[in-house]
Amino acid sequence: MQEQNIPFNKLELLGITHEVFEQLPKEFKNALQSGEMTPVICARKELENGMVVEMPMKLQTVLDERGRQQLMVYPVLNELKNDMQLLGTSFEDLKKGAVLHVDGEYIQRDPDTNCILRVSDKDMEMEKHLKEIEKVLDIELGTNQKNQIRNGKPVELNVGGEQVTVGLDLKDPERFKTLKGDMKDWEYQQKMIFDILHPEYVGVVKTDENRWEFQQIVNNERYPESLKQKPMQAQNASMRR
């Protein structure tokens, strides 16, 4: 994605003008341009009443069904809530980073923000990706292996005498991840180690409901007029590669 395709009209709603964008770290700009989720950024916006709102969040550019560019906003939440009313161990699995298939969509927790990432069955293009995996790895997946991946479970494979694990990762633009190593290596990567790298995120604005109230897709939306200030820390994630 080229810079001219970045939705600056929507970024400006977050206080990110062309000038501000140019001053952002290369890692952030590259992620936004490639359609990946950005690192956590503390967006700053001055409201009409003069109040300054600072909101830690991740951003991502996506295309909707009509090919129109949208800006996804993933605000940093204090905790993951079971708004979907998941039963049994499903919610605990979600908190640990598992990908779940629920009601015609795949969901996964983003560990940095506690937002739930969602991809519909249609957008996942599961069968297409399964064929691509077979072609790239030069293997033939068995029925059980395909079903395991369809259900959001990683699969351990032997490719040319090496252990390779394949599974879903909604944080990746391709939504699939291939890792050299066995299931233990996969599980290790799912356990994100949080480091507080940006103490300047302390003192952000939160709502009375103790969660961020900002639209999932910024598209001609207005900022909430009633906000309450409360300290909070945003964290970045690091993991072994």
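Residues numbered from 1 in each chain as written. Predicted model: local features only at pLDDT ≥ 70, side-chain atom pairs only at ≥ 80, totals over all residues. Heavy atoms only, no water.

Undergrad: Would you mind going over the overall build of the chain with me for this structure?
TA: Scanning the chain from terminus to terminus reveals eight helices and 14 strands. For the chain, the proportion of its 241 residues judged to be buried stands at 42%. Taking contacts inside the chain between residues at least 6 apart in sequence as the whole, the part at least 24 apart equals 49%. Accessible area for the chain stands at about 14100 Å²; split by element, carbon and sulfur atoms hold 44% of it. (Helix = DSSP H or I, 4+ residues; strand = E, 2+ residues; numbered from the N terminus. Buried < 20%, exposed > 50% of the residue type's maximum accessible area, 1.4 Å probe, protein only. Contact = heavy atoms within 4.5 Å. Areas by Shrake-Rupley, 256 points an atom, 1.4 Å probe, with all protein chains shown as cover.)

Undergrad: I'm lost on the sheet that holds strand S8 (residues 162-168) in this one. Help?
TA: One key point about sheets: their strands pair by backbone hydrogen bonds, in either a parallel or an antiparallel sense. Overall, antiparallel pairing links the three strands, which are arranged S7-S8-S9 in an open sheet. Taken across any chain shown, the strands that pair with only one partner, and hence form the sheet edges, are strand S7 (155-159) and strand S9 (176-180). Pairs of neighbouring strands in the sheet enclose a mean axial angle of 30°, with direction left out of account. Along the sheet, helix H7 (residues 143-150) makes contact with S7, S8 and S9, crossing S7 at roughly 135°. (Pairing = 2+ DSSP bridges. Axes fitted to C-alpha atoms, helices over the stretch in contact; angles between N-to-C directions.)

Undergrad: How should I be thinking about the sheet that holds strand S6 (residues 116-120) in this particular structure?
TA: As summarised here, the arrangement of the three strands in space is S4-S5-S6, forming an open sheet in which the pairing is antiparallel. The sheet is open, and its two edges are formed by strand S4 (100-102) and S6, each paired on a single side. Strand-to-strand twist in this sheet, taken as the mean axis angle between neighbours without regard to direction, amounts to 30°.

Undergrad: Is there a simple way to explain helix H6 (residues 126-137) in this structure?
TA: An α-helical turn contains 3.6 residues, so any two residues separated by three or four positions project in the same direction. Compared with the 16 Å implied by 1.5 Å per residue over 12 residues, the 16 Å span of H6 between its first and last C-alpha is a close match. Along H6, the residues classified as buried are Met 126, His 129, Leu 130, Ile 133, Glu 134 and Leu 137. Viewed end-on, H6 has its buried residues packed into an arc of 145°, placing them on one side of the element. The outward face of H6, more than 90 degrees from its buried face, is lined by the exposed residues Lys 131, Lys 135 and Val 136. Looking at the buried positions of H6, the neighbouring elements they touch are strand S5 (105-109), helix H5 (121-124), H7, S7, S8 and S9. Of the residues flanking the end of H6, it is Asp 138, one or two places downstream, whose phi is positive at about 55°. (Expected span 1.5 Å × (residues − 1). Arc of directions from axis to C-beta.)

Undergrad: What's the story with the pattern of salt bridges in this structure? I'm lost.
TA: When the charged atoms of two side chains lie near each other, side chains of opposite charge can form a pair. Here the structure, examined in full by the defined rule, presents nine salt bridges. In this structure, Lys 171 and Asp 169 form a salt bridge, with 2.9 Å as the shortest nitrogen-oxygen distance. Classification of Lys 171 as partly exposed rests on a relative accessible area of 22%. Under the relative-accessibility criterion, Asp 169 is labelled buried at 8%. Here the residues in one salt-bridge network are Lys 58, Asp 110 and Asp 112, joined through shared partners. (Salt bridge = Lys/Arg side-chain N within 4 Å of Asp/Glu carboxyl O.)

Undergrad: Which parts of the structure should I look at to understand the side chain of Lys 29?
TA: Among the structural elements, Lys 29 can be located in helix H3 (residues 26-34). One buried charged side chain, Lys 29, makes no salt bridge at all; its nearest oppositely charged neighbour is Glu 22, positioned 4.1 Å away. There is a polar contact of 3.3 Å between the side chain of Lys 29 and the backbone oxygen of Glu 22. Apart from residues no more than four positions distant in its own chain, Lys 29 is found in contact with Phe 21, Glu 22 and Leu 24. (Lys, Arg positive; Asp, Glu negative; His and termini not counted. Polar contact = N/O pair within 3.5 Å; in protein donor to acceptor, adjacent residues only side chain to side chain.)

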